[in-house]
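Listed below are the residues making up each chain.
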Amino acid sequence: MGDDRDDGRHDDGTVRLAPHEVALLRGGPRAAVTVAVVDLYLRGALDAGPPGTVKALSSCPGAAAVPLPPLSEALWGCLHEPLAPRRLTRHPDVRLAVALMRLPLSEAGLLRYPLLGPNRAARRRVRALREAHPLPTSRRGLTADDRLLAVALHDVAALRVLLPRFALRAGLGDRVEATDKGLLEHSPPERGSGFGGGMAYYCGGGGGGGGGD
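Everything quoted here is computed from the prediction, not taken from an experiment. (Residues numbered from 1 in each chain as written. Predicted model: local features only at pLDDT ≥ 70, side-chain atom pairs only at ≥ 80, totals over all residues. Heavy atoms only, no water.)

Draft legend 1. Inspection of the overall build of the protein at higher detail. Assigned secondary structure in the protein consists of nine helices and four strands. Put simply, the protein has 213 residues, and 48% of those count as buried. Partitioning the contacts of the protein with sequence separation of at least 6, the portion at a separation of at least 24 is 61%. Within the structure as shown, the protein displays about 10200 Å² of accessible surface, and the carbon and sulfur contribution to it stands at 54%. (Helix = DSSP H or I, 4+ residues; strand = E, 2+ residues; numbered from the N terminus. Buried < 20%, exposed > 50% of the residue type's maximum accessible area, 1.4 Å probe, protein only. Contact = heavy atoms within 4.5 Å. Areas by Shrake-Rupley, 256 points an atom, 1.4 Å probe, with all protein chains shown as cover.)

If you want it as structure tokens, here you go:
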């Protein structure tokens, strides 16, 4: 498809979606929080804490060069102590950030009233993105943006491929299996290349877009 325009839309008129938004449309607040946690981890701003929790690090490297999305910023600000991802999802500041995320999605015609869940158009967008960006088979050669989009689209299946050690320690999925432990002992470091410019952070419309796998 054509180049993205400066008004936040693709040439075909569809709104560009960030990975957090894709995750919200696909799996709701829990999925969006998972992407925000992975976002902060890849930036070096967060790590696994005591088993099943995440903790903020003393600084947020990379945030000056590539500003944090509002959901990631809200989540990082909540981590005064290690918290489980499920508790983060219920934190009032994170709930507010998720509610604010829904406003542009609603204006773009991707949410249904009155519950503001994804509508048929949203499900089509997510389905098209999953087809355009299939589950990676390894993390080799993937940018941080690629990894975020993969987690947004493929959830635990992507975590198993891209961030198995962190996902297991951080409690990012009761569903990331403990049987992965043997593989974790010998796996290389999970943090990959840094984030690119802000425009690469957006995902495409009907046929997929930038930030692909």
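Having seen it, we continue.
Draft legend 2. How the structure looks around helix α4 (residues 92–107). Helix length check: α4, at 16 residues, gives a terminal C-alpha distance of 23 Å against a target of 22 Å (1.5 Å per residue), a fit within 8%. Turning to α4, its buried residues are V94, A97, V98, M101, L105 and S106. Summarising the contacts, the buried residues of α4 are in contact with α1 (19–42), α2 (70–78), α3 (85–90) and β3 (111–112). Of the residues flanking the end of α4, it is G109, one or two places downstream, whose phi is positive at about 80°. (Expected span 1.5 Å × (residues − 1).)

Draft legend 3. Spatial organisation of the environment of P118. In this fold, P118 is placed in strand β4 (residues 117–118). Take P118: its relative accessible area is 25%, and that puts it in the partly exposed class.

Draft legend 4. Fine view of a positive patch on the surface. A contiguous patch of positive charge, built from R112, R120, R123, R124 and R127, is present on the exposed surface. R123 sits in the partly exposed class, given a relative accessible area of 43%. (Patch = residues over 30% accessible without salt bridge, like charges linked within 9 Å, V, L, I, M, F, W, Y side chains within 5 Å. Salt bridge = Lys/Arg side-chain N within 4 Å of Asp/Glu carboxyl O. Lys, Arg positive; Asp, Glu negative; His and termini not counted. Charge placed at Lys NZ, Arg CZ, Asp CG, Glu CD.)

Draft legend 5. A look at the packing of α1 against α2. Two numbers describe how α1 lies on α2: the axes approach to 9 Å, and their chain directions differ by 55°. Relative to α2, the element α1 lies oblique. Relative to α2, α1 is oriented so that their crossing is right-handed. Across from H20, A32, V33, A36, V37, D39 and L40 in α1, the residues of α2 making contact are L71, S72, L75 and W76. (Axes fitted to C-alpha atoms, helices over the stretch in contact; angles between N-to-C directions. Parallel < 35°, antiparallel > 145°, perpendicular 65-115°, else oblique. Left-handed = near helix turned anticlockwise from the far one by under 90°.)

Draft legend 6. A look at the nonpolar core. Among the nonpolar cores identified, the biggest contains 53 residues, and V37, L46, L75, L88 and F166 are the most heavily contacted of them. By residue number, the principal contributor to this core is α1, which donates 14 residues. Those residues in contact with L88 that sit more than four places away from it in its chain are V33, V37, V54, L75, C78, L79, L83 and V94. (Core = buried A, V, L, I, M, F, W, Y, C linked by side-chain atoms within 4.5 Å.)

Draft legend 7. Summary view of unusual backbone geometry. A cis amide bond, omega 0°, links Y113 with the succeeding residue P114. Considering the arrangement of structural elements, one finds P114 in the loop between β3 and β4. Positive phi outside glycine occurs at D155, with the angle close to 55°. Looking at the element boundaries, D155 is found in the loop between α6 (144–154) and α7 (156–162). Accessibility expressed as a relative area gives 8% for D155, which makes it buried.

Draft legend 8. Just the pattern of salt bridges, in detail. Within the structure shown, the criterion is met by four salt bridges. In this structure, D155 and R26 form a salt bridge, with 3.5 Å as the shortest nitrogen-oxygen distance. Taken together, the positions of D155 in the loop between α6 and α7 and R26 in helix α1 put the pair 129 residues apart, joining distant regions of the chain. Between D155 and R30 there is a salt bridge, with the nearest N and O atoms lying 3.2 Å from each other. Highlighted residues: D155 in the loop between α6 and α7 and R30 in helix α1, separated in sequence by 125 residues. You can call R30 partly exposed: its relative accessible area is 33%.

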